[in-house]
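Chain and residue survey
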Amino acid sequence: GVFTRSGQICFAVKRIYIPQSMERDFTEALISRVQEYRVGHGLREGVAFGPMNNKMQFDKVNELIASTRDTGADIVELGTKDEATNWDNGYYMLPHVVRNAEHSSQIATCEQFGPVIPLISYPSVDQAVEWANDSEYGLGSSVWTSDPEEGFAVANRIDSGSTFINSHAFESLDLRMPFGGIKHSGLGREFGEAGMRSYVEEHAVRLLK
């Protein structure tokens with residue numbers, strides 16, 4: 001949900017909130033997993049994801065990483081270059097994990113649209129929900145839990161067009177359900193009955209008695 005297509009997916013995970021009690025274990029596990037990724041030409045065997053789409057976005061994400069590093073944030077560059085000698089023949093970028101990020105930091109409040117993810121620890125679920133809703137965006141979100149009932153309860157408190165529970169990927173989309181965002185994350189819906197309404201013209205016929 002984070003690095004697919006180098007993070008260039010509309011509802012890709014843009015930040016991760018972690019319970020303080022799990023911060024260390026989660027961060028270590030995530031870094032260990034991301035370190036396994038190989039970045040390069042998408043048709044080469046073993047490559048996890050390819051380059052950024054264009055130079056403008058490539059420069060934007062690099063500038064964001066640089067400005068975040070200038071604030072003293074702990075940024076870890078991970079993964080390996082599949083063809084190091086051919087690395088500059090495309091807008092390739094290794095995945096980055098920002099440890100101990102601040103919720104108010106630029107890296108956590110913007111839509112990076114690239115292979116960089118900030119990790120933010122929270123002291124309580126109420127705080128996590130408040131931070132999750134403290135955004136001008138609201139397309140996709142996810143809740144991860146061993147208690148489905150608690151997951152649904154938290155999901156219902158999140159301001160988002162879609163909330164997944166224990167998943168966050170294309171495979172999670174059900175075309176029978178509407179998909180779209182709130183706030184500054186788009187207009188209208190696609191899929192499901194709600195998505196069909198944009199193809200329908202309402203016709204009101206009135207009889208005066």
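Here goes a summary of the coordinates provided. (Residues numbered from 1 in each chain as written. Predicted model: local features only at pLDDT ≥ 70, side-chain atom pairs only at ≥ 80, totals over all residues. Heavy atoms only, no water.)

In a beta sheet, neighbouring strands are held together by backbone hydrogen bonds and run either parallel or antiparallel to one another. Spatial ordering of the open sheet is given by 1-6-5-3, a layout of four strands whose pairing is mixed. The outermost strands of the open sheet, each flanked by one partner alone, are strand 1 (16–19) and strand 3 (74–77). Ignoring which end each strand starts from, the neighbouring axes of this sheet average 25° apart. Note: strand 3 against strand 5 (residues 96–99), four bridges, orientation antiparallel. Directly across from Asp74, in strand 5, lies its bridge partner Arg99. Strands in contact with helix 1 (residues 23–34) are strand 1, strand 3, strand 5 and strand 6 (116–122); relative to strand 1, the strand with the most contacts, it is inclined by about 135°. Those strands touched by helix 4 (residues 125–133) are strand 1 and strand 6, and its axis lies near 140° from that of strand 6. (Pairing = 2+ DSSP bridges. Helix = DSSP H or I, 4+ residues; strand = E, 2+ residues; numbered from the N terminus. Axes fitted to C-alpha atoms, helices over the stretch in contact; angles between N-to-C directions. Contact = heavy atoms within 4.5 Å.)

Of all hydrophobic cores here, the largest spans 19 residues; its most connected members are Phe3, Ile16, Val97, Ile117 and Leu119. Every element with two or more residues in this core is listed here: strand 1, helix 1 and strand 6. Ranked by residues supplied to this core, first place goes to helix 1 with three residues. Other than its neighbours up to four places away in sequence, Phe3 contacts Val34, Tyr37, Phe49, Pro95, His96, Pro115, Val116 and Ile117. One finds Ile65, Ala108, Val116 and Tyr122 within the second-largest nonpolar core, a separate group that totals 18 residues. (Core = buried A, V, L, I, M, F, W, Y, C linked by side-chain atoms within 4.5 Å. Buried < 20%, exposed > 50% of the residue type's maximum accessible area, 1.4 Å probe, protein only.)

Throughout the structure, instances matching the rule amount to nine aromatic pairs. Their ring planes at 15° and their centres at 6.1 Å tell us that Phe3 and Phe49 sit as a pair that is stacked. Remark: Phe49 occurs in the loop between strand 2 (38–39) and helix 2 (55–70) and Phe3 occurs in the segment before strand 1; sequence separation between them is 46 residues. The exposure class assigned to Phe3 is buried, which follows from its relative accessible area of 6%. Relative accessible area serves as the criterion here: at 5%, Phe49 is assigned to the buried category. Measuring from centroid to centroid gives 5.6 Å for Phe11 and Phe179, while their planes differ by 70°, and the two rings are edge-to-face. With Phe11 in the segment before strand 1 and Phe179 in the loop between strand 9 (162–165) and strand 10 (182–183), the pair connects residues that are 168 residues apart, well separated along the chain. Here Phe11 falls in the buried class, since its relative accessible area comes to 5%. (Phe/Tyr/Trp six-rings, centres within 6.5 Å; stacked < 30°, edge-to-face > 60°.)

Residues that lie three or four places apart on an α-helix share one face, since the helix turns once every 3.6 residues. Between its first and last C-alpha atoms helix 2 spans 22 Å; for 16 residues at 1.5 Å apiece the expected length is 22 Å, and the two agree. Among the structural elements, strand 3, strand 5, helix 3 (106–109) and strand 6 are those in contact with the buried residues of helix 2. Taking the backbone nitrogen of Met56 as reference, a side-chain oxygen 3.2 Å away marks Asn54 as the first, capping residue of helix 2. Positive phi shows up at Gly72, right after helix 2, with a value of about 95°. (Expected span 1.5 Å × (residues − 1). Polar contact = N/O pair within 3.5 Å; in protein donor to acceptor, adjacent residues only side chain to side chain.)

Most of strand 6 sits inside the fold, with six of its seven residues counted as buried. Sheet topology places strand 1 next to strand 6; four bridges connect them, and they run parallel. Looking at the pairing, Tyr17 lines up with Ile120 of strand 6. The pairing of strand 5 with strand 6 spans three bridges and is parallel. Counted as the bridge partner of Val97 is Ile117 from strand 6.

Side chains Ser162 and Phe164 project from strand 9 onto a buried face, and the interleaved Thr163 and Ile165 project onto a face without burial. Two elements, strand 8 (residues 140–143) and strand 9, share four bridges in a ladder whose sense is parallel. When the bridges of strand 9 are listed, Gly140 appears paired with Ser162.

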